[in-house]
Amino acid sequence: MSRSVIAASLKSALRASSVTGRTSCPQRSPFSSNQLYSAFMPSLSRSRPATRGLVTVPKMSPAVSAAPAEMSDEEKYIFDLNGYIIIRGVFTPEEVAEANSSIDRHLEQMKERTDPALRNTKAGSPLRGDESKGRKDLGGILEWGEDSKIFKRVLAHERLVPYQTALLGKGFRMDHMPYVIAQEEGSEGFHLHGGTVDCESGVYAPYLAYSCVAGQMHTQLLGCSLVLTDHNPGDGGFCVVRGSHKSNFRAPAGMVHGSSYSEFVSQPATLAGDVILFSEGTVHGALPWKGKAQRRLALFRFAPAFLAYGRSYMGERGGRWPDGMYEGLSDAQAAILEAPYANRLDRPNIEEDGSVVVTSRNEKKKQW
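Keep in mind the model is a prediction, meaning the values are calculated, not measured.

1. Quick look at helix 3 (residues 73-82)
Turning to step 1, where the next piece is worked out: Within the sequence span of helix 3, burial applies to Glu75, Ile78, Phe79 and Asn82. End-on, the buried residues of helix 3 take up no more than an arc of 95 degrees, which puts them together on one face. Opposite the buried face of helix 3, by more than 90 degrees, sit the exposed residues Asp73 and Tyr77.
Turning to step 2, where the next piece is worked out: Of the residues trailing helix 3, Gly83 is marked for its positive phi of about 90 degrees.

Below you can see the structure in the form of structure tokens.
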């Protein structure tokens, strides 16, 4: 069985899943997944030139499909089963390069979590990495003027809106301040956290909860991770306990901190430009980064129209995000920055064609 045959099989599978935007497995292959990964992924890494310490987008980057009108029944099953879904090739290679260039121009603002009080893992735990490096964070990515345009694309993105509408409902909104996460080789991960039933305390968390009633999924807080560097199998980074959004008990402490039950913790393989949508009701975290190049992603969170977890939307004056975030927005993008309130109270909603329609009550009732 030649390496080239195996590599071709995996390339075909990745392209096929990218076109549909689904995470479901490709048709059964005569090769095991371990054979495919071990044969293909190392050569993929070697084929990319180094650029400012980053893993660049592979030449076989997935084709971007037309925006779906709605989340398919298969995709709903995958999300309901696992608590997350990967949308392949949301950003093109050119857009990934633009996003990374914007980050490069603001590297001096990136901060590493070196203070023990800011670390995301327990000292001495397997998730700690080499103990010396903390995670790096870079905020303000929607307040950089021209450099923010690429990140504002995530707001009301035509590839994402159908999934967000299915999971959050019409009129969904951005909830947290988005920011970039970076990890160097050897840096710590993040202990497992989240859960509809909090994985550490065992207490029901209604502000993170996932439910499905009468065929309608409800996610109170949706993570949206725009992947900006490749995450090969074994590299580390985002990890998840599949199906934990429907768990009714807290997780074992050893599992939370990476010392036991690791067989139930999965690290999805992703390419730069992919987007991971995950319920915050799904137990998740990050593994120590083992990749040679810096890990990068941009993390957004979205909530239903009427709900707020964070209070960043209130700003310094109340009721508004920072002024710079509104520069150059389309009507649809601006709708995502609305404060939390119900759809019937004159809320702008994004339609399937990308247009914005204001939902409202009866005019006479409003006047009354």
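2. Notes on the sheet that holds strand 12 (residues 237-240)
Turning to step 1, where the next piece is worked out: Read across the sheet, three strands follow the order 8-14-12 without closing on themselves; strand pairing throughout is antiparallel. Each of the sheet's edge strands pairs with one partner strand only, and the pair in question is strand 8 (190-193) and strand 12. Neighbour-to-neighbour, the strand axes of the sheet open up by a mean angle of 30 degrees, direction not taken into account.

3. Regarding the nonpolar core
Nonpolar side chains in soluble globular proteins tend to end up buried together.
Turning to step 1, where the next piece is worked out: Core analysis: the biggest nonpolar cluster contains 50 residues, and Phe151, Leu155, Met174, Phe300 and Phe302 have the highest contact counts within it.
Turning to step 2, where the next piece is worked out: The element best represented in this core is helix 6 (residues 161-168), accounting for five residues.
Turning to step 3, where the next piece is worked out: Ile86, Ile181, Ile276 and Leu297 belong to the second largest nonpolar core, which has eleven residues in total.

4. Some thoughts on a negative patch on the surface
Turning to step 1, where the next piece is worked out: Taken together, the side chains of Glu70, Asp73, Glu352 and Asp353 make up a negatively charged region of the molecular surface.
Turning to step 2, where the next piece is worked out: On the secondary structure map, Glu70 appears in the loop between strand 2 (54-55) and helix 3.
Turning to step 3, where the next piece is worked out: When its relative accessible area of 56% is taken as the criterion, Glu70 is described as exposed.

5. Some points on the side chain of Arg301
Turning to step 1, where the next piece is worked out: With respect to the secondary-structure elements, Arg301 resides in strand 15 (residues 295-303).
Turning to step 2, where the next piece is worked out: A polar contact is formed between the side chain of Arg301 and the side chain of Glu280, at a distance of 2.8 Å.

6. Remarks on the packing of aromatic side chains
Turning to step 1, where the next piece is worked out: All told, the structure shown has seven aromatic pairs when counted by the stated rule.
Turning to step 2, where the next piece is worked out: Plain terms: the ring middles of Phe238 and Phe278 are 5.1 Å apart, the flat faces sit at 45 degrees to each other, and that makes the pair tilted. With a gap of 40 residues between them, Phe238 in strand 12 and Phe278 in strand 13 (residues 275-279) connect regions that are remote in the sequence.
Turning to step 3, where the next piece is worked out: For Phe238, a relative accessible area of 10% puts it in the buried group.
Turning to step 4, where the next piece is worked out: By way of ring pairs, the aromatic residues Phe172, Phe300 and Phe302 are connected into one cluster.
Turning to step 5, where the next piece is worked out: Across from the ring centre of Tyr341, 4.5 Å away, lies the NZ or CZ of Arg347, which sits over that ring.

7. Some remarks on helix 6
Residues lying three or four places apart along an α-helix face the same way, a consequence of the helix completing one turn every 3.6 residues.
Turning to step 1, where the next piece is worked out: With seven of eight residues buried, helix 6 lies mostly within the body of the structure.
Turning to step 2, where the next piece is worked out: Trailing helix 6 by a residue or two, Gly169 shows a phi angle of about 95 degrees, which is positive.

8. Some words on the pattern of salt bridges
Turning to step 1, where the next piece is worked out: The final tally for this structure, using the stated rule, is 19 salt bridges.
Turning to step 2, where the next piece is worked out: With a closest N to O distance of 2.8 Å, Asp147 and Arg105 form a salt bridge. Separated by 42 residues along the polypeptide, Asp147 in the loop between strand 5 (136-138) and helix 5 (149-152) and Arg105 in the loop between helix 4 (93-104) and strand 4 (111-112) bring together distant segments of the chain.
Turning to step 3, where the next piece is worked out: Since its relative accessible area comes to 46%, Arg105 is described here as partly exposed.
Turning to step 4, where the next piece is worked out: For the salt bridge of Lys170 with Glu351, the shortest nitrogen-to-oxygen distance reads 3.2 Å.

9. Re the pairing of strand 13
Turning to step 1, where the next piece is worked out: When you tally the buried positions in strand 13, you get five out of five residues, the bulk of the element.
Turning to step 2, where the next piece is worked out: Alternating residues of strand 13 divide into Val275, Leu277 and Ser279 and Ile276 and Phe278, and every residue in both groups is buried.
Turning to step 3, where the next piece is worked out: Bridge count for strand 3 (residues 84-87) against strand 13 is four bridges, and the pairing is antiparallel. Its bridge partner being in strand 13, Ile85 is matched across the sheet by Leu277.
Turning to step 4, where the next piece is worked out: Sheet topology note: the strand 11 (residues 222-227)/strand 13 ladder contains five bridges and is antiparallel. Looking at the pairing, Gly223 lines up with Phe278 of strand 13.

10. With respect to the environment of Ile350
Turning to step 1, where the next piece is worked out: Checked against the element boundaries, Ile350 lands in strand 16 (residues 347-350).
Turning to step 2, where the next piece is worked out: Overall, the relative accessible area of 10% leaves Ile350 in the buried class.
Turning to step 3, where the next piece is worked out: In the structure, Ile350 is positioned 185 residues away from Thr165 in sequence and 8.9 Å away in space, judged by C-alpha atoms.
Turning to step 4, where the next piece is worked out: Residues in contact with Ile350, not counting those within four places in the same chain, are Ala156, Val161, Lys170, Ala332, Ile336 and Ser355.

11. Focus on the confidence of the model for the protein chain
Turning to step 1, where the next piece is worked out: For the protein chain, the average pLDDT comes to 84, and 81% of its residues sit at 70 or higher.
Turning to step 2, where the next piece is worked out: pLDDT under 50 marks residues 1-65. Its contacts with residues more than four places away, or in other chains, come to 100 contacts.

The rules behind these values
Residues numbered from 1 in each chain as written. Predicted model: local features only at pLDDT ≥ 70, side-chain atom pairs only at ≥ 80, totals over all residues. Heavy atoms only, no water. Buried < 20%, exposed > 50% of the residue type's maximum accessible area, 1.4 Å probe, protein only. Helix = DSSP H or I, 4+ residues; strand = E, 2+ residues; numbered from the N terminus. Arc of directions from axis to C-beta. Pairing = 2+ DSSP bridges. Axes fitted to C-alpha atoms, helices over the stretch in contact; angles between N-to-C directions. Core = buried A, V, L, I, M, F, W, Y, C linked by side-chain atoms within 4.5 Å. Patch = residues over 30% accessible without salt bridge, like charges linked within 9 Å, V, L, I, M, F, W, Y side chains within 5 Å. Areas by Shrake-Rupley, 256 points an atom, 1.4 Å probe, with all protein chains shown as cover. Salt bridge = Lys/Arg side-chain N within 4 Å of Asp/Glu carboxyl O. Lys, Arg positive; Asp, Glu negative; His and termini not counted. Charge placed at Lys NZ, Arg CZ, Asp CG, Glu CD. Polar contact = N/O pair within 3.5 Å; in protein donor to acceptor, adjacent residues only side chain to side chain. Phe/Tyr/Trp six-rings, centres within 6.5 Å; stacked < 30°, edge-to-face > 60°. Lys NZ or Arg CZ within 6 Å of the ring centre and 35° of its normal. Contact = heavy atoms within 4.5 Å. pLDDT = per-residue confidence, 0-100.

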